[in-house]
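The primary structure of each chain is shown beneath.
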Amino acid sequence: MAGGIEQLSSLDAQFLAIESDRNYGHTGGLAILDPSTAPGGKLTLEDLKEGIGKRLHLVPPFTMRLEEVPFGLDWPYWVRDEHFDLGFHCREIALPPPGDSRQLVEQAGRIYSRRLDRARPLWEIYLIHGLEDGRVALLSKTHHAAVDGLSGSEIMSALYDLTPEPREVDPPTEAELDRSPPDGRDLLAHGLKSLPRYPVNLATRLGRLLPHVDVVPSVAGMPGSEWMSRSLSKARITLSRDSDGHVIERPSIKAPKGPYGGTVSPHRIFGIGSLSLDQVKEVKNAFGVKVNDVVVSLVAGAVRKDLMDRGELPYEPLVVMVPISVRTEEERGTFGNKVSAMVVPMPTHLSDPVDRLTFSHDTMIIAKENHEALPVEAMRDISTLVPPALHTRAARMATAFSGRFTRPPWNVIVSNVPGPPMDLYCCGARMEAMHPLSIISDGMGLNVTVLSYRDSIDIGITADREQTPNVQDIVELMEEELEDLLAAIPRD
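Residues numbered from 1 in each chain as written. Predicted model: local features only at pLDDT ≥ 70, side-chain atom pairs only at ≥ 80, totals over all residues. Heavy atoms only, no water.

Examining the sheet that holds strand β5 (residues 90-94)
Next up, step 1: Strand order in the open sheet made by the 6 strands is β5-β6-β7-β2-β13-β12, with mixed pairing throughout. Lying at the two open borders of the sheet, with one neighbouring strand each, are β5 and β12 (425-426).
Next up, step 2: Of the strand pairs in this sheet, strand β2 (residues 26-34) and strand β7 (residues 136-143) are connected by 8 bridges, and their pairing is antiparallel. Following the sheet pairing, Leu 30 is matched in β7 by Leu 139. (Pairing = 2+ DSSP bridges. Helix = DSSP H or I, 4+ residues; strand = E, 2+ residues; numbered from the N terminus.)

Details of the nonpolar core
Side chains of nonpolar character tend, in soluble globular proteins, to be buried together.
Next up, step 1: Val 414, Leu 446, Ile 461 and Met 478 are the most contacted members of the largest nonpolar core, which totals 44 residues.
Next up, step 2: With 9 residues, helix α11 (residues 291-310) is the single largest residue contributor to this core.
Next up, step 3: Discounting chain neighbours no more than four positions away, the residues touching Leu 446 are Tyr 260, Val 303, Asn 411, Val 412, Ile 413, Ile 440, Ile 461, Thr 462, Ala 463, Val 471 and Ile 474. (Core = buried A, V, L, I, M, F, W, Y, C linked by side-chain atoms within 4.5 Å. Buried < 20%, exposed > 50% of the residue type's maximum accessible area, 1.4 Å probe, protein only. Contact = heavy atoms within 4.5 Å.)

Some words on helix α15 (residues 472-487)
Next up, step 1: Taking 1.5 Å as the rise per residue, α15 with 16 residues should run 22 Å; its terminal C-alpha atoms sit 23 Å apart, in good agreement.
Next up, step 2: What α15 keeps buried is the set Ile 474, Val 475, Leu 477, Met 478, Glu 481, Leu 482, Leu 485 and Leu 486. (Expected span 1.5 Å × (residues − 1).)

As for the sheet that holds strand β3 (residues 64-67)
Next up, step 1: Taken in spatial order, the 3 strands make up an open sheet running β1-β4-β3, and their pairing is antiparallel. The strands lining the two open edges of the sheet, one partner per strand, are β1 (5-7) and β3. Mean inter-strand twist for the sheet, computed between neighbouring axes without regard to direction, equals 30°.
Next up, step 2: Pairing of β1 with strand β4 (residues 77-80), which is carried by 3 bridges, proceeds in the antiparallel orientation. Residue pairing across strands places Glu 6 opposite Trp 78, the latter belonging to β4. (Axes fitted to C-alpha atoms, helices over the stretch in contact; angles between N-to-C directions.)

Concerning the pattern of salt bridges
Next up, step 1: All chains considered together, the criterion is met by 24 salt bridges.
Next up, step 2: Between Arg 55 and Asp 161 there is a salt bridge, with its nearest N and O atoms 2.8 Å apart. Note that Arg 55 is positioned in the loop between α2 (45-53) and β3 and Asp 161 in the loop between α5 (149-159) and α6 (174-177), a separation of 106 residues in sequence. Accessibility assignment for this pair places Arg 55 and Asp 161 in one class, buried.
Next up, step 3: Measuring nitrogen to oxygen at the nearest pair gives 2.8 Å for the salt bridge that ties Arg 454 to Asp 423. (Salt bridge = Lys/Arg side-chain N within 4 Å of Asp/Glu carboxyl O.)

Pasting the structure below:
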């Protein structure tokens, strides 16, 4: 973001386009902190503002606002907010006694169910007092247009420390302090210059990228997108003389219509909890699978039991979307979205927990092989074929259609974010847990994100309050599923 300006990618803009009064584009986290390790044994809002203020230049999105290009001729820009007010973004509230976890997630849901102000940098942090045992919480909201899972972890590393004593941070440079916004006429001129590139993109990339059109979020699940991808893949396999293995025929995966698939309300609800990382690894090692396979299997078992209790379990397996990073080593430390997704069947149709784990492992292997066969350009650049204004309308239409007039592209999102294996501290207060909070939308009303921290896997489930009011049950069912897998390990 040199010079105080950075253009959004088409994928970044995607998360802006789908946003409405019911579908929100922000992600976040609910951190539980122990202030007894902080100076004076407490964490105040002034402490938080002082700590964040010294490090704002390490997180460029925190001081940048959106600037639209007139008439939607090009993707928006991040520009320095010349009226940046840290006090607007850092706030505090308190829970009434007893300050239990139920009250915490209720309050978090209310705060999370409000859109971020697009006239300002797209983030907020709430310091929440009054938790049991003298603890406090930090609830963060950051728009997905600015960060993905990996860059979100980098924001965490910029704001947190490895010791109670905050580390020294170099002051910002003059360029980092520059908040002069660009002239709107300059952005319009830039947008007009970019118009000729779309026909060129279309002509040069059409044959290579259209076979992968169904990986584009703005058209995923739209009628005909999967048929087009499969047909064009077959044609290229037949006609192409290339032997690079980049063209694949993806299996047809149909998400059943119904589970967690209604039109979402404006109200969010969360389920939080933690699993033992050692126990998850014990299952992983005993059955020769990956940690991600175990996580998907735990969610599958919990969702199966939840839907059975509700009388809504379909005969066919649900479909899960697993986000993955395509950020290169050179792009580490940058922000914005560098993500793709694997879409696989979820073993909700199997009754045995070991069978579910085996199924998850096998399907994830196939999905990973297929995903690696996709050209990186297809995963990251395909949506640049479409002019910004048209792309925005297509994204909104796809969201509106999902689960109402078409099958959703997937039913559940499961994301596994790697976190630090050691203690982190915020202004001297030790972080006990970090529960990720994420995005749901029409037709896709359940998101399970886990983050490994120290010796735990911290769970954050985001759901629609009206569709899934007992979302905490799913956390408890994940714990039961882990116990069932541990009990199934062969013992000598």
